[in-house]
Amino acid sequence: MKKIFSAFTLAVMLALFLCSPVSAIQPRGVIYDETNSLGSPTLTYQGEDMLPQLSVSLGIDIRVDVLSETSDDDICETAAWLYSKYGYGYGKNMEGITLTIQMNKLDDYIYAKPAENGWCVYANLRQDRGSSQELVDVLYAAVEPYMADEAWNGEDMTMSATALTQAVDAMAEAATDYILTNCPPEYSAENIDTAEENTADQNSVEMKYVFDVSDLLSFEQWEELESRAETISKRQNCGIYFALVDDFTDYGYGDIYEVTYTIYHDNELGMGENRDGIIVMLSMEERDYAMFVYGEYAEYVFNEYGQLMLEEAFLDDFGENDWYGGISHYLDTCDEFLTKAEEGKPVRESPLPSIAIATGASCLIAAIVCSVFKYRMRTVHQQTEANAYITEGGLQLTDQYDQYTHTTETRTKIEKESSSGTSSESGGGGSGRSGNF
């Protein structure tokens, strides 16, 4: 029985970090952040996918509250009050666990956890199922390493956000081990088998390279693209990633290029020591698009010209809503570019067109100049006498001089248009492109 529960829970834990594109930080959501300063794509995944599914599989509510104001001196009393006030708990017995963290405001978007009485784990189990205090002790020991003061002193909010996601993972893992070992949920073997059967297809391959949050691909299409992306990435030692989302603003702050490279770094994508890789994101809400290339080798393969050529290989497919075809062409072209680079022939712009244009322009200018000189000489004829240049009274010379006044110069600005509504970008330690499709 325990093996069945463990298998089912493991399937739940292997879900994607990108999930339904709804922010995990909502008023009294599964993860509630009153500071609005600790959000990340990983926290979104934990709040909207991992914890809710784990709660169902374990039969116990799991929540996190990050508070910026509290009227109680004891954070554990506050945790118990919130549990009762907002109706936390799973099932008729309201069983659940919470991690409550106090953060005091230091400045705009800067918060710090008090060194004393700054966090608390609260649990409620019915007596015939197990000991609430024993569960609290287990969870407290699991979370404590991630609540060190140096990670929560307000000097680096990114460090605090990372510590929070690690604490949530530790709490989820400890809760899973304890519940399944000591007080598993009251499911029948038949119900568990049914649940496993319903989730088997979607979890048969772990999503690591192709993320379809918008459900624009069939399962068979996604599975085939995921397998191809993984094969290419491992063979070329360069991560090839793609993400389809409904609205990129649900996954971070800034424009779509900034969100794309934030996701790349937050989830430590890429391969090798330098985390070489490339990721493309499509956002359906406004049909936004971004490409991000990271790592010395990846940027050598996909330089500015290479990125433009890669974009032309697949972006038109997305303009016609051919999601499978576009991703397929993206993977094939990435593989082709990486292979050429490995052979010492990276994709680069040929100098021949520029040479031909420069040569043609030079010849044209020379022809125009010669034509002008020839036109001005059309009235010149050979003369045998100088009578035409002598006045009736004889040759008279007077003083003559030229005075320079000014020069008129006209300049016309040459406007540069980007193809397909996209343009080059930089930032996030790498480079890329963004625009619309």
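The coordinates are above.
Sequence order sets the numbering: in each chain, residues are counted from 1 along the sequence as written. Reporting in this predicted model follows two pLDDT cut-offs: at least 70 for local features of residues, and 80 or more for side-chain atom pairs to be given and counted; totals over whole chains, interfaces and linings ignore these cut-offs and use all residues. Working from all heavy atoms in the structure, the side-chain values ignore hydrogens and water.

Visitor: Please clarify how the pairing of strand β8 (residues 239-245) should be interpreted in this entry.
Guide: Looking along a regular strand, one sees the side chains alternate between the two faces of the sheet. Burial classes: relative accessible area under 20% of the type maximum marks a residue as buried, over 50% as exposed, and values in between as partly exposed (1.4 Å probe, protein chains only). Working definition: helices are DSSP H or I runs of at least four residues, strands are E runs of at least two. Numbering for both runs from the N terminus. β8 sits mainly inside the fold: seven of its seven residues count as buried. The alternating pattern of β8 places Gly239, Tyr241, Ala243 and Val245 on one face and Ile240, Phe242 and Leu244 on the opposite face, and all of these are buried. In the sheet, strand β7 (residues 210-212) pairs with β8 via three bridges, with the strands oriented parallel. Paired with valine 210 across the bridge in β8 is phenylalanine 242. At least two DSSP bridges between two strands are needed for those strands to be called paired. Two strands pair when backbone bridges link them, and β8 and strand β9 (residues 277-283) are joined in this way by seven bridges, in the parallel orientation. Along β9, the bridge assignment pairs valine 245 with serine 283. Every crossover in which the path from the first strand over the helix to the second runs clockwise, viewed with the strands pointing away from the viewer, is termed right-handed. You can see the chain leave β8, run along helix α8 (residues 256-266) and come back into β9, and the turn it takes is right-handed.

Visitor: Teacher, can you tell me more about the pattern of salt bridges here?
Guide: Any two side chains of opposite charge can pair, given that their charged atoms come close. Salt bridge, as used here, is a side-chain nitrogen of Lys or Arg placed within 4 Å of a carboxyl oxygen of Asp or Glu. The tally for this structure, following the rule as stated, stands at 11 salt bridges. In this structure, aspartate 128 and arginine 126 form a salt bridge, with 2.7 Å as the shortest nitrogen-oxygen distance. When the shortest N-O distance is used, the salt bridge between arginine 433 and glutamate 311 registers 3.0 Å. Here the residue arginine 433 occupies a position in strand β12 (residues 430-436), and glutamate 311 occupies one in helix α10 (residues 304-319), the gap between them amounting to 122 residues. Pair check on accessibility: arginine 433 and glutamate 311 agree, each one buried. Each of the salt bridges in this network shares a partner with another, and the network as a whole consists of Glu95, Arg126, Asp128 and Arg129.

Visitor: Is there a simple way to think about the side chain of threonine 98 in this case?
Guide: Here threonine 98 lies in strand β3 (residues 96-102). Any two residues whose heavy atoms approach within 4.5 Å are treated as being in contact. Other than its neighbours up to four places away in sequence, threonine 98 contacts Arg63, Ala79, Tyr83, Tyr88, Cys120, Val121 and Tyr122.

Visitor: I keep staring at the sheet that holds β7 and nothing clicks. Help me out?
Guide: By definition, the strands of a sheet pair up through backbone hydrogen bonds, in either a parallel or an antiparallel sense. Here six strands make up an open sheet; going across it, the order is β7-β8-β9-β10-β12-β11 and the pairing mixed. Among the strands making up the open sheet, the edge pair consists of β7 and β11 (422-427). Averaged over all pairs of adjacent strands, the angle between strand axes in this sheet comes to 15°, irrespective of strand direction. Summarising the sheet, strand β10 (residues 288-294) and β12 pair through six bridges and their orientation is antiparallel. Bridging from a neighbouring strand, phenylalanine 292 pairs with glycine 432 of β12. Lying on the sheet, α8 is in contact with β8, β9, β10, β11 and β12; it crosses β10 at an angle near 45°. Here the axes come from fitting lines to C-alpha atoms, over the contacting stretch only for helices, and the angles between their N-to-C directions go from 0 to 180 degrees.

Visitor: Sorry, what's going on with the packing of helix α2 (residues 41-58) against helix α5 (residues 157-182) here?
Guide: If you want to describe how two helices pack, look at the angle between their axes and the distance between the axes. Remark: α2 packs on α5, axes separated minimally by 11 Å, with the N-to-C direction vectors making an angle of 10°. The angle between the axes of α2 and α5 places the two elements in the roughly parallel class. In this structure, α2 uses Thr42, Leu43, Gln46, Met50, Leu51, Leu54 and Leu58 to contact α5, whose residues at the interface are Leu164, Thr165, Val168, Asp169, Ala172, Ala175, Thr176, Ile179 and Leu180. Here the residues of the contact of α2 with α5 sort into 11 nonpolar, four polar and one charged. Under this scheme an angle from 65 to 115 degrees is roughly perpendicular, one under 35 degrees roughly parallel, and one over 145 degrees roughly antiparallel; angles in between are oblique. Each residue receives one of three labels: charged for Asp, Glu, Lys and Arg, nonpolar for Ala, Val, Leu, Ile, Met, Phe, Trp, Tyr, Cys and Pro, and polar for the others, Gly being one of them.

Visitor: Quick question: what am I supposed to make of the pairing of strand β4 (residues 104-107) here?
Guide: Bridge count for β4 against strand β5 (residues 110-112) is three bridges, and the pairing is antiparallel. Looking at the pairing, lysine 105 lines up with tyrosine 111 of β5.

Visitor: Got a minute to help me understand the sheet that holds strand β2 (residues 61-67) in this structure?
Guide: Spatial ordering of the open sheet is given by β1-β2-β3-β6, a layout of four strands whose pairing is mixed. For this open sheet the edge positions go to β1 (31-33) and β6 (119-124), each flanked by a neighbour on one side alone. Going from strand to strand, the sheet's axes swing by 10° on average, the running direction of each strand aside. As defined by bridge partners, β1 adjoins β2 across three bridges and the pair is classed as parallel. When the bridges of β2 are listed, aspartate 33 appears paired with valine 66. Where α5 meets the sheet, it contacts β2 and β3, and its direction lies at approximately 155° from that of β2.

Visitor: In this structure, what is going on with the packing of aromatic side chains? I would like to understand it.
Guide: The relation between two aromatic rings is expressed through the spacing of the ring centres and the mutual angle of the planes. Here the aromatic set is Phe, Tyr and Trp, taking the six-membered ring for Trp, and pairing holds for ring centres within 6.5 Å; pairs whose planes are under 30 degrees apart are stacked, those over 60 apart are edge-to-face, and all others are tilted. By the definition in use, this model includes 23 aromatic pairs. Taken together, a centroid distance of 6.3 Å and an interplanar angle of 35° make the contact between tyrosine 297 and tyrosine 300 tilted. Of this pair, tyrosine 297 and tyrosine 300 both sit in helix α9 (residues 296-301), separated by three residues, roughly a single helical turn. Measuring from ring centre to ring centre gives 6.1 Å for phenylalanine 318 and tryptophan 323, while their planes differ by 20°; the resulting arrangement is stacked.

Visitor: When you look at the environment of alanine 313 in this model, what are you seeing that I'm missing?
Guide: With respect to the element layout, alanine 313 can be found in helix α10. Here the alpha-carbon distance between alanine 313 and cysteine 334, two residues 21 residues apart in the chain, equals 9.8 Å. When residues no more than four places from it in sequence are discounted, the contact partners of alanine 313 are His329 and Thr333.

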